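Take a look at the letters that make up each chain.
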Amino acid sequence: MTRRPRIAVIGSANVDLTTFSDRFPRAGETIFGQHFDLGWGGKGANQAVAARLCGADVSMIARVGDDLFGPATIANFNAQGIDASHVHVVPGVSSGVAPIFVESNGQNRIIVVKGANDRLRPADVDAAAPMLAVADCIVLQFEIPLDTVFHAVRFARRHGIRCIVNPAPAQAFELRELEGVDYFVPNETEAEAISGMPVRTIEDATACAVHMVSQGLTRVIITLGANGALLATADGATHIPPFPVDARDTTGAGDAFVGSFAVYLGEGLSEPEAIARANLYAALSTTGIGSQKSFVTRQRADEEWTARAAPPHA
Ligand code: RIB
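Below, the structure is looked at part by part. Treat the numbers as computed from the prediction; the structure is a model and nothing was measured.

Cut-offs used in this document
Residues numbered from 1 in each chain as written. Predicted model: local features only at pLDDT ≥ 70, side-chain atom pairs only at ≥ 80, totals over all residues. Heavy atoms only, no water. Helix = DSSP H or I, 4+ residues; strand = E, 2+ residues; numbered from the N terminus. Rg over C-alpha atoms; globule rule 2.2 N^0.38 Å. Buried < 20%, exposed > 50% of the residue type's maximum accessible area, 1.4 Å probe, protein only. Contact = heavy atoms within 4.5 Å. Areas by Shrake-Rupley, 256 points an atom, 1.4 Å probe, with all protein chains shown as cover. Lys, Arg positive; Asp, Glu negative; His and termini not counted. Charge placed at Lys NZ, Arg CZ, Asp CG, Glu CD. Pairing = 2+ DSSP bridges. Phe/Tyr/Trp six-rings, centres within 6.5 Å; stacked < 30°, edge-to-face > 60°. Lys NZ or Arg CZ within 6 Å of the ring centre and 35° of its normal. Axes fitted to C-alpha atoms, helices over the stretch in contact; angles between N-to-C directions. Near = heavy atom within 4 Å. Polar contact = N/O pair within 3.5 Å; in protein donor to acceptor, adjacent residues only side chain to side chain. Nonpolar A, V, L, I, M, F, W, Y, C, P; charged D, E, K, R; others polar.

## What about the overall build of the protein?
Thinking step 1. Looking only at helices and strands, the protein has 10 helices and 13 strands in total.
Thinking step 2. Taking 20 Å as the expected radius of gyration for a compact globule of 314 residues, we find that the protein reaches 18 Å, a close match to that expectation.
Thinking step 3. For the protein, the proportion of its 314 residues judged to be buried stands at 53%.
Thinking step 4. Intrachain contacts of the protein at a sequence separation of at least 6 include 66% that bridge at least 24 residues.
Thinking step 5. Surface accessibility of the protein: about 13,300 Å² in total, with carbon and sulfur atoms responsible for 53%.
Thinking step 6. Separation between the mean location of the 25 positive side-chain charges and that of the 34 negative ones in the protein comes to 3 Å.

## Points about the pairing of strand 2 (residues 14-20)
Thinking step 1. With 5 of 7 residues buried, strand 2 is to be regarded as a mostly interior element.
Thinking step 2. Pairing between strand 2 and strand 3 (residues 35-41): 7 bridges, direction antiparallel. Bridge pairing in strand 3 places Leu17 opposite Leu38.
Thinking step 3. Pairing of strand 2 with strand 6 (residues 96-102) involves 7 bridges; the strand directions are parallel. Residue pairing for strand 6: Leu17 is matched across the bridge by Pro99.

## A closer look at helix 1 (residues 43-53)
Thinking step 1. Taken across its 11 residues, helix 1 has 9 buried, putting it largely inside the fold.
Thinking step 2. Listing the buried residues of helix 1 in full gives Lys43, Gly44, Ala45, Asn46, Gln47, Ala48, Val49, Ala50 and Ala51.
Thinking step 3. With its phi angle positive at about 110 degrees, Gly55 sits one or two positions after the end of helix 1.

## As for the packing of aromatic side chains
Thinking step 1. Applying the stated rule across the entire model yields 7 aromatic pairs.
Thinking step 2. Taken together, a centroid distance of 5.1 Å and an interplanar angle of 85 degrees make the contact between Tyr183 and Phe261 edge-to-face. Residue Tyr183 is located in strand 10 (residues 183-184), and its partner Phe261 is located in helix 8 (residues 253-266); the two are separated by 78 residues in the primary sequence.
Thinking step 3. One aromatic cluster is present, formed by Phe142, Phe150, Phe173 and Phe184 through successive ring pairs.
Thinking step 4. A cation sits over an aromatic face here: Arg277 above Tyr264, 5.8 Å from the ring centre.

## Side note on the sheet that holds strand 3
Thinking step 1. Strand order in the open sheet made by the 4 strands is 3-2-6-7, with mixed pairing throughout. Bordering the open sheet on either side are strand 3 and strand 7 (108-110), each of which pairs with just one other strand. Pairwise comparison of adjacent strand axes, ignoring direction, gives a mean angle of 20 degrees for this sheet.
Thinking step 2. Lying over the sheet, helix 2 (residues 69-80) contacts strand 2, strand 3 and strand 6, oriented at roughly 70 degrees with respect to strand 3.

## Quick look at the site of the ligand
Thinking step 1. Looking at the ligand, there are 13 residues lining it, with Asp16, Gly42, Lys43, Glu143 and Asp255 nearest.
Thinking step 2. Note that an oxygen atom of the ligand is positioned 2.6 Å from one of the side-chain N or O atoms of Glu143.
Thinking step 3. Here Ser291 contributes a side-chain N or O atom positioned 3.1 Å from an oxygen atom of the ligand.
Thinking step 4. Relative to its unbound accessible surface of 280 Å², the ligand loses 96% to contact with the protein.
Thinking step 5. Counting residues per element, the ones that place at least two in the shell around the ligand are strand 2 and helix 1.
Thinking step 6. Across the shell around the ligand, the residue classes tally to 3 nonpolar, 6 polar and 4 charged.

Structure representation (structure tokens):
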């Protein structure tokens, strides 16, 4: 029987307010949108939900506001079967929110207002230590204070726990803070911002990921949207091809990749297969709208894998 991984996500929870329109308005212009969607989001929460849907036991460490969204966010974690005993309401602070704009080609633009996410402190990681210490994998992103992220990285290193860092959204930081991280997983935009190198082609991504490894990161995966993903290690770089889909909304696809990858890896799949399956899981999420509500069940992901994973993926 496949092992059920225990995954702890330390990160953000937002409410996504998504507007769909044919194009983005210019400065000073008002246009009509076609559709609006209100849903659960936040990179951390999305990754936790993806991991849960893929079959892991998942714990979330987060902070929410004392507005209408805060308790409802906790209720959403509970409804998903995610342990939310370390998700607390911060008095006098709003919940994280994300106004999102999606164009007809599925491409998105996001503004995040961090709210209570900014109150998740290193002491909160320490308070969750007994739960974190038994996790197989700790998953982190950059929507919470970076000193909390780095504190959690050090915790994972001390306890020998696999650690995945998704540097989203990109911010300036010292690479040495991520010493010992097992997987560093930016998308093209984040990889460009962090490395200062262009990432417009697979060749660019290869050069960028190899450079990041040379700077001290152990394993780098650059997610490339419709072009799949690029893995670089000290042994070289490998491009893992995509699965074609008709994308309607790419919001949360990177989170679907990270959350599902953590599970596939935790189940003991090989690195190339775990990345290929995460590519597929992320691609499937772009066929629906919204973040968490577009994530598919493990059963659906497995069925699609069986139907599509002929060579070169098999
Ligand atoms: O990665 C997508 C997520 O980014 C959205 O759910 C939004 O909340 C922002 O955090």
